[in-house]
Amino acid sequence: MRVLVTGATGQIGCFLLVRLQDIGMDVVAVSRNAYSSEHSEVWVVRDLQTDDPFMDQESFDYWIHAGFLSLVPRWLESAKKAGVKRVVTFSSTSVFTKQDSSSPYERTIIRSLIEAEEELSRQCEVLGIDWTLLRPTMIYGAGRDKNVSFVQSMIRRFGLFPLVGGGKGKRMPVHADDLAQAAVAAMQSDAAVNRSYNLGGGETLTYREFVERIFTLENRNPRFINIPLVVARLLVHLVRLLPAFRHVTPAMFERMSIDLVFDYSDAARDLDYCPRPFTFESNACV
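What comes next is a walk through the structure. All values reported here derive from a predicted model rather than from experimental measurement.

1. A closer look at the overall build of the protein chain
Turning to step 1, where the next piece is worked out: When helices and strands are counted, the protein chain shows 10 helices and 13 strands.
Turning to step 2, where the next piece is worked out: Computed over the C-alpha atoms, the radius of gyration of the protein chain is 19 Å, within 12% of the 19 Å expected from 2.2 N^0.38 for a compact globule of 286 residues.
Turning to step 3, where the next piece is worked out: Along the longest, intermediate and shortest principal axes, the C-alpha atoms of the protein chain span 55 × 40 × 35 Å.
Turning to step 4, where the next piece is worked out: In the protein chain, 74% of the contacts between residues at least 6 apart in sequence involve partners at least 24 apart.
Turning to step 5, where the next piece is worked out: Taking the average location of the 32 positive side-chain charges in the protein chain and that of its 34 negative ones, the two points are 8 Å from each other.

Below, the structure written as structure tokens:
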């Protein structure tokens, strides 16, 4: 079986290549930049956002896209011509939690995601391509996320971490390799045809407990400062002056006291999904 992997150098893609190789798949990996890896025999340099569709020049059985979902719809006709039977791609549980965000930027991103989800299912139905949509929450594990990496940056720079509402909101951080396993399983599962799945991690923590784990990773004693939301909003304007924190929004602090927990029992049943607890182990992306 021949599998096209786009978003191959992203935080999920790098684990995905390893898992596909382990089950003997013939993998063609796509990246915007020239790249090579022992986990893929062929690398193609393409930018899905600007280049013309190229898939119909090749032949593929499956397409797994581990990048931005909004890039998928314009490539589906080309995928059909290439013989793709099923596409597996990723969205985010943020479509449920950020629609009413106080951040205009976040609302714009979520509208784009929702529209891309709808267009994916619509076009696949017209073209006769099976699809599976995976919605992870709070990805970590490859050092390229804005969850663990953001907290690490705050701790390393300031030696403490600010909390709003005591950080009581629950989280389910999910390792990128567990998401790669789910994608490979979805590619092969009849039960996953034309379905979407929420994917959380194997351990539920409060936001404060999540940050405490990262303090431990950094070999530091946890130090918190509890601040009211109005102060947090002011703090955001200050930290955004630093390049590493330009993505920070006041809404991120607002959600510290909100539970972001999702049932993944459907994925456990259909994809044999059994994610690991929140842990920091060596990964295949380094």
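What follows picks up the thread again.
2. A look at the packing of aromatic side chains
Turning to step 1, where the next piece is worked out: The full count for this structure, using the stated rule, is 8 aromatic pairs.
Turning to step 2, where the next piece is worked out: Consider the rings of Y264 and Y273, whose centres lie 5.3 Å apart with planes at 85°: the pair is edge-to-face.
Turning to step 3, where the next piece is worked out: These aromatic residues form a ring-pair network of at least three members: Y140, F150, F161, Y207, F210 and F278.

3. Examining the pattern of salt bridges
Turning to step 1, where the next piece is worked out: This model, assessed by the stated rule, comprises 17 salt bridges.
Turning to step 2, where the next piece is worked out: A salt bridge links R2 to D26; the shortest N-O distance between them is 3.3 Å. Pair noted here: R2 is in strand β1 (residues 2–6) and D26 is in strand β2 (residues 26–31), with a separation of 24 residues, a long-range link.
Turning to step 3, where the next piece is worked out: Owing to a relative accessible area of 21%, R2 belongs among the partly exposed residues under this scheme.

4. Examining the pairing of strand β5 (residues 86–90)
Turning to step 1, where the next piece is worked out: Most of β5 sits inside the fold, with 5 of its 5 residues counted as buried.
Turning to step 2, where the next piece is worked out: Pairing between strand β4 (residues 62–65) and β5: 4 bridges, direction parallel. Counterpart to I64 in the pairing with β5 is V88.
Turning to step 3, where the next piece is worked out: Regarding topology, helix α2 (residues 76–81) serves as the crossover connection from β4 to the parallel β5, and that connection is right-handed.

5. Describing the packing of helix α1 (residues 13–22) against helix α6 (residues 176–188)
Turning to step 1, where the next piece is worked out: Across the interface, α1 lies against α6 with an axial gap of 8 Å and an inter-helix angle of 50°. Taken together, α1 and α6 sit at an angle that is classed as oblique. Crossing angle aside, the handedness with which α1 passes α6 is right-handed. Two secondary-structure elements touch here, α1 through F15, L16, R19 and L20 and α6 through A176, D177, A180, Q181, A183, V184 and M187.
Turning to step 2, where the next piece is worked out: Its residues assigned to classes, the contact of α1 with α6 shows 8 nonpolar, 1 polar and 2 charged.

6. Notes on the nonpolar core
Turning to step 1, where the next piece is worked out: Counting 36 residues, the largest nonpolar core has L20, L134 and L271 as its most contacted members.
Turning to step 2, where the next piece is worked out: At the level of elements, β1, α1, β2, β4, β5, α6, β11 (195–199) and α10 (265–271) are the ones that each hand at least two residues to this core.
Turning to step 3, where the next piece is worked out: Examining the composition of this core, we find that 9 residues originate from one element, α6, more than from any other.
Turning to step 4, where the next piece is worked out: If we ignore the near neighbours within four places in the chain, the residues touching L271 are L134, Q181, A182, A185, A186, S189, A192, Y197 and D266.

7. Section: the environment of R208
Turning to step 1, where the next piece is worked out: Among the structural elements, R208 can be located in helix α7 (residues 207–217).
Turning to step 2, where the next piece is worked out: A relative accessible area of 30% places R208 in the partly exposed class.
Turning to step 3, where the next piece is worked out: Distance in space between the C-alpha atoms of R208 and G166 is 7.1 Å, their sequence separation being 42 residues.
Turning to step 4, where the next piece is worked out: Look past the residues within four positions of R208 in its chain and what remains in contact with it is L163, G166, G167 and F224.

8. Some remarks on the side chain of D177
Turning to step 1, where the next piece is worked out: Assignment of secondary structure puts D177 in helix α6.
Turning to step 2, where the next piece is worked out: Separated by 2.9 Å, the side chains of D177 and R19 make a polar contact.
Turning to step 3, where the next piece is worked out: If near-sequence neighbours (up to four positions away) are discounted, D177 is found in contact with F15, R19 and R276.

9. Remarks on the packing of helix α5 (residues 148–158) against α7
Turning to step 1, where the next piece is worked out: Packing of α5 against α7 leaves a shortest axis separation of 10 Å and a crossing angle of 65°. Crossing geometry of α5 relative to α7 is assigned as right-handed. Mapping the contact onto sequence places V148, F150, V151, Q152 and I155 in α5 and Y207, F210, V211, I214, F215 and L217 in α7.
Turning to step 2, where the next piece is worked out: When the residues that make up the contact of α5 with α7 are grouped by side-chain class, the tally is 10 nonpolar, 1 polar and no charged.

Conventions we followed
- Numbering of residues starts from 1 in each chain and follows the order in which that chain's sequence is written.
- Per-residue local features are limited, in this predicted model, to residues with pLDDT of at least 70; the limit for side-chain atom pairs, both in listing and counting, is 80 or more; totals at the level of whole chains, interfaces and linings are taken over all residues.
- Side-chain numbers come from the whole structure's heavy atoms, not from hydrogens or water.
- Secondary structure elements follow DSSP: runs of H or I no shorter than four residues count as helices, runs of E no shorter than two count as strands, and numbering proceeds from the N terminus.
- Radius of gyration here is computed from C-alpha atoms only, and the compact-globule reference equals 2.2 Å multiplied by the residue count raised to the power 0.38.
- Note on contacts: a residue pair qualifies if any of its non-hydrogen atoms lie within 4.5 Å across the two residues.
- Lys and Arg are tallied as positive, Asp and Glu as negative. Neither His nor the chain termini are counted.
- Here the site of a charge means NZ on Lys, CZ on Arg, CG on Asp, or CD on Glu.
- Two rings belonging to Phe, Tyr or Trp (six-membered ring only in the last case) form a pair when the distance between their centres is within 6.5 Å. Interplanar angles under 30 degrees mark stacking, angles over 60 mark edge-to-face geometry, and anything in between is tilted.
- Here, a salt bridge means any Lys or Arg side-chain nitrogen found within 4 Å of an Asp or Glu carboxyl oxygen.
- Categorising residues by exposure relies on relative accessible area from a 1.4 Å probe, with only protein chains included: less than 20% of the type maximum marks a residue as buried, more than 50% marks it as exposed, and the intermediate range marks it as partly exposed.
- DSSP bridges decide pairing: two strands pair if at least two such bridges lie between them.
- Handedness of a crossover is defined as follows: orient the strands so they point away from the viewer, and if the path from the first strand over the helix to the second runs clockwise, the crossover is right-handed.
- For helices, the fitted line uses only the C-alpha atoms of the stretch in contact; every axis is such a line through C-alpha atoms, and the angle between N-to-C directions lies from 0 to 180 degrees.
- We call two directions roughly parallel when the angle between them is under 35 degrees, roughly antiparallel when it is over 145, roughly perpendicular when it lies between 65 and 115, and oblique otherwise.
- By definition, turning the near helix anticlockwise from the far helix through less than a right angle yields a left-handed crossing, and turning it clockwise yields a right-handed one.
- Under the grouping applied here, Gly and all other residues not named as nonpolar or charged are polar, the nonpolar ones being Ala, Val, Leu, Ile, Met, Phe, Trp, Tyr, Cys and Pro and the charged ones Asp, Glu, Lys and Arg.
- Residues enter a nonpolar core if they are buried and are Ala, Val, Leu, Ile, Met, Phe, Trp, Tyr or Cys, with the set joined through side-chain atoms within 4.5 Å.
- Nitrogen and oxygen atoms within 3.5 Å of one another constitute a polar contact, given that in protein one can donate a hydrogen and the other can accept it, and given that sequence-neighbouring residues count only through two side-chain atoms.

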